[in-house]
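# Chains, contacts and geometry: an overview
Here is how the chains run, residue by residue.
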Amino acid sequence: MRRCLLLAAVLAAPVAHAESAISAADLQQARSLGVSYRQCLQDTLGDRYLGSEASTPVKLAGDVERSCEPQLMPVQHYLSARGYADQLIRRAVVDIKARADGAAIAYVHRLPPYRY
């Protein structure tokens, strides 16, 4: 029984020392790499907003986001190369996407009201 507990403690030790957050410098670099995603959202939303292909706002937003997601690959590669866990990388990507989505929505609201 003691051996099992000792083995479990030894195996759990590296997990206890794993990073629980991305460093401020790495997060700043990841956000810098995510600027192209934000620009893609703004450009694509602007083009589709002014075009006639927008059927519903929710569908439009989903289509635009999916089309711009490849722009986030450099963020994922950078954080992965720095040794961060997948869960932390996902959180950082979601944060970058949320910030970019908000900026893109604000950008679209500044466009002239051609569609509505």
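Everything numeric here is computed off the predicted structure, so don't read it as measured data.

## A few points about helix 2 (residues 24-33)
- Regarding helix 2, the residues found buried are Asp26, Leu27 and Ala30. All buried residues of helix 2 lie within an arc of 100° about the axis, which places them on one face of the element. For helix 2, the exposed residues set more than 90 degrees away from the buried face come down to Ala24 and Ala25.

## Some words on the side chain of Lys97
- With respect to the helices and strands, the residue Lys97 is situated in helix 6 (residues 86-109).
- The exposure class of Lys97 is buried, given its relative accessible area of 16%.
- Of note is the side chain of Lys97, whose polar atom sits 2.9 Å from the side chain of Glu65.
- Discounting residues that sit within four places of it in the chain, Lys97 has contacts with Tyr37, Glu65, Glu69 and Leu72.

## Observations concerning the environment of Glu69
- Tracing the sequence through the fold places Glu69 in the loop between helix 4 (57-68) and helix 5 (73-81).
- Each C-alpha atom of the pair Glu69 and Arg38 lies 10.0 Å from the other, and the pair is 31 residues apart in sequence.
- Setting aside its immediate chain neighbours within four residues, Glu69 contacts Tyr37 and Lys97.

## So, the nonpolar core
- Core analysis: the largest hydrophobic core is formed by 21 residues, its most contacted members being Ile22, Leu41, Val75 and Leu79.
- A total of 7 residues in this core trace back to one element, the largest contributor, which is helix 6.
- What Ile22 contacts, discounting residues up to four positions off in sequence, is Leu27, Leu79, Tyr84, Leu88 and Ala92.

## Notes on the confidence of the model for the chain
- Scored by pLDDT, the chain comes out at a mean of 77, with 66% of its residues at no less than 70.
- Every residue in residues 4-17 scores below 50 in pLDDT, and together they form 0 contacts with partners more than four places removed in sequence or on other chains.

## Things to note about the pattern of salt bridges
- Within this structure, the stated rule accounts for 6 salt bridges.
- As a salt-bridge pair, Glu69 and Lys97 come within 2.9 Å of each other at their nearest N and O atoms. You can see Glu69 sitting in the loop between helix 4 and helix 5 and its partner Lys97 sitting in helix 6, a full 28 residues away along the chain.
- For Glu69, a relative accessible area of 33% corresponds to the partly exposed category.
- Through salt bridges with shared partners, a single ionic network connects Arg31, Asp95 and Arg99.

## Thoughts on the environment of Glu65
- You can see Glu65 is positioned in helix 4.
- Residues Glu65 and Lys97, 32 residues apart in the sequence, show an inter-C-alpha distance of 8.8 Å.
- The residues touching Glu65, leaving out its near neighbours within four places in the chain, are Tyr37, Leu41, Lys97 and Asp101.

## Thoughts on the side chain of Thr44
- You can see Thr44 is positioned in helix 3 (residues 35-50).
- Taking relative accessible area as the criterion, Thr44 reaches 15% and is therefore assigned buried.
- Beyond its immediate chain neighbours, meaning those up to four positions away, Thr44 contacts Val64, Ser67 and Cys68.

Quick notes on the rules
- Residues numbered from 1 in each chain as written.
- Predicted model: local features only at pLDDT ≥ 70, side-chain atom pairs only at ≥ 80, totals over all residues.
- Heavy atoms only, no water.
- Buried < 20%, exposed > 50% of the residue type's maximum accessible area, 1.4 Å probe, protein only.
- Helix = DSSP H or I, 4+ residues; strand = E, 2+ residues; numbered from the N terminus.
- Arc of directions from axis to C-beta.
- Polar contact = N/O pair within 3.5 Å; in protein donor to acceptor, adjacent residues only side chain to side chain.
- Contact = heavy atoms within 4.5 Å.
- Core = buried A, V, L, I, M, F, W, Y, C linked by side-chain atoms within 4.5 Å.
- pLDDT = per-residue confidence, 0-100.
- Salt bridge = Lys/Arg side-chain N within 4 Å of Asp/Glu carboxyl O.

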